[in-house]
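# Structural characterization, general
Here is what each chain is made of, one letter per residue.
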Amino acid sequence: MFSGSIPALATPFRDGAFDEAAFRKLVDWQIENGSSGLVPCGTTGEASTLSNAEHHRVIEVCVEQAAGRVPVIAGCGSNDTRNALLHMQFAKKAGAAAGLCVAPYYNRPRQNGLIAHFSYLAENSDLPIVLYNVPSRTVTDIEDETVVELVKSYPDRIVAIKDASGDLSRVADHRMGLDHNFCQLSGNDELWLPHSAAGGAGCISVTANVAPALCAEFHEAIAANDLAKARKLNDRLFPLHYAMFSDASPAPVKYALSRVHDWFSDEVRLPLCSASEASRQAVDEALQIAGLL
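The protein goes by 4-hydroxy-tetrahydrodipicolinate synthase in an unreviewed UniProt entry, where it is assigned to Qipengyuania spongiae. The UniProt entry for the protein carries the following comment under Sequence similarities (unreviewed entry): "Belongs to the DapA family." In its Function (unreviewed entry) section, the UniProt record describing the protein reads: "Catalyzes the condensation of (S)-aspartate-beta-semialdehyde [(S)-ASA] and pyruvate to 4-hydroxy-tetrahydrodipicolinate (HTPA)."

This is the structure:
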């Protein structure tokens, strides 16, 4: 259902408020440079610091500005199942193609709790769901057997997974348990190449925020089975992948965007702080290696 380079968009702030004008520019720039989808209000979008009203406005603006040019996968995750449903209902009304639903964080549900959570969402909304597994942030891991059970139970609702577990064997495990056409997206930029080789369809990417054209070209090389070109582009992008996490994300990517665009502020919301000097140096060096500065 989805493929290619799909940036997990940073949410620009200015003087503490959502910078709608900058966000609209970011959406246009992403599409013009080959991004094949957009994810507002994910982890990189600082969804955990947005009020519900802000959360919904970011989704609404993204869908409106994209204007059907690429699909929008709206971040709809929450550690409160009812609030996740509220996000999904709004995203559906706004025109999103799907909702990205992370495993509930902080609560630490067991696998039966995860099944109940995602089943409730699938049964109470007709918005397609992209599962989001990122145990480094949520503590809870959506285990392979749980993914298979959920997809088999709701094949028309649970259509894809963004896997940021770092475990590449998951791709094959999901393929063995499900139809090979089930959409698997990497959630780790640095694993994009091997994830795709194992059967992945693309990446929901942090790096694509600042390097959309390179990331789109990288995916095109993968899709064309041009390993030599893909490897060459991967070498250019790899330092940037790591620099994006040289401080608490998304501070480094916001700094990177501020270096590339004078209309994008590096402002983040507490409890995050601006990227450290060491992180900024790492980002600058990576941007130069990638040919973006």
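Once that is clear, we can look at the packing of helix α10 (residues 227-243) against helix α12 (residues 277-289). Relative orientation of the contacting elements α10 and α12 amounts to 160°, with a least axis distance of 8 Å. In terms of orientation, α10 and α12 fall into the roughly antiparallel class. Both α10 and α12 take part in a crossing whose hand is left-handed. Across from R236, P239, L240 and A243 in α10, the residues of α12 making contact are S279, A282, V283, A286, L287 and I289. Within the contact of α10 with α12, the residues separate by chemical class into eight nonpolar, one polar and one charged.

On to the pairing of strand β5 (residues 98-102). Burial of β5 is extensive: five of the five residues sit out of reach of the surface. The alternating pattern of β5 places A98, L100 and V102 on one face and G99 and C101 on the opposite face, and all of these are buried. One crossover worth recording links strand β4 (residues 73-75) to the parallel β5 by way of helix α3 (residues 81-94), and it is right-handed. The sheet contact formed by β5 and strand β6 (residues 129-133) spans four bridges and is parallel. The residue of β6 that forms the bridge with L100 is V130. Between β5 and its parallel partner β6, the chain crosses via helix α4 (residues 111-124), and the hand of that crossover is right-handed.

Quick look at helix α1 (residues 20-32) now. Note on helix geometry: an α-helix contains 3.6 residues per turn, so any two residues three or four positions apart are oriented the same way. A rise of 1.5 Å per residue sets the reference length of α1, with its 13 residues, at 18 Å; its end C-alpha atoms lie 18 Å apart and thus fit the reference within 8%. Turning to α1, its buried residues are A22, F23, R24, L26, V27, W29, Q30 and I31. Contacts made by the buried residues of α1 are with β1 (4-7), β3 (17-18), α2 (52-66), α9 (212-223) and α11 (251-260). The positive-phi residue at the C-terminal boundary of α1 is G34, with phi of around 100°.

Attention shifts here to the UniProt feature "site: Part of a proton relay during catalysis" (unreviewed entry) in the protein. UniProt annotation of "site: Part of a proton relay during catalysis" (unreviewed entry) refers to T43 and Y106 when read in the numbering used here. You can see T43 is positioned in the loop between α1 and α2. Residue class for T43 comes out partly exposed when judged on its relative accessible area of 28%. Residues in contact with T43, not counting those within four places in the same chain, are Y132 and R137.

Cut-offs applied
Residues numbered from 1 in each chain as written. Predicted model: local features only at pLDDT ≥ 70, side-chain atom pairs only at ≥ 80, totals over all residues. Heavy atoms only, no water. UniProt positions renumbered as here; feature names shortened; annotations may be inferred. Axes fitted to C-alpha atoms, helices over the stretch in contact; angles between N-to-C directions. Helix = DSSP H or I, 4+ residues; strand = E, 2+ residues; numbered from the N terminus. Parallel < 35°, antiparallel > 145°, perpendicular 65-115°, else oblique. Left-handed = near helix turned anticlockwise from the far one by under 90°. Contact = heavy atoms within 4.5 Å. Nonpolar A, V, L, I, M, F, W, Y, C, P; charged D, E, K, R; others polar. Buried < 20%, exposed > 50% of the residue type's maximum accessible area, 1.4 Å probe, protein only. Right-handed = clockwise from strand over helix to strand, strands pointing away. Pairing = 2+ DSSP bridges. Expected span 1.5 Å × (residues − 1).

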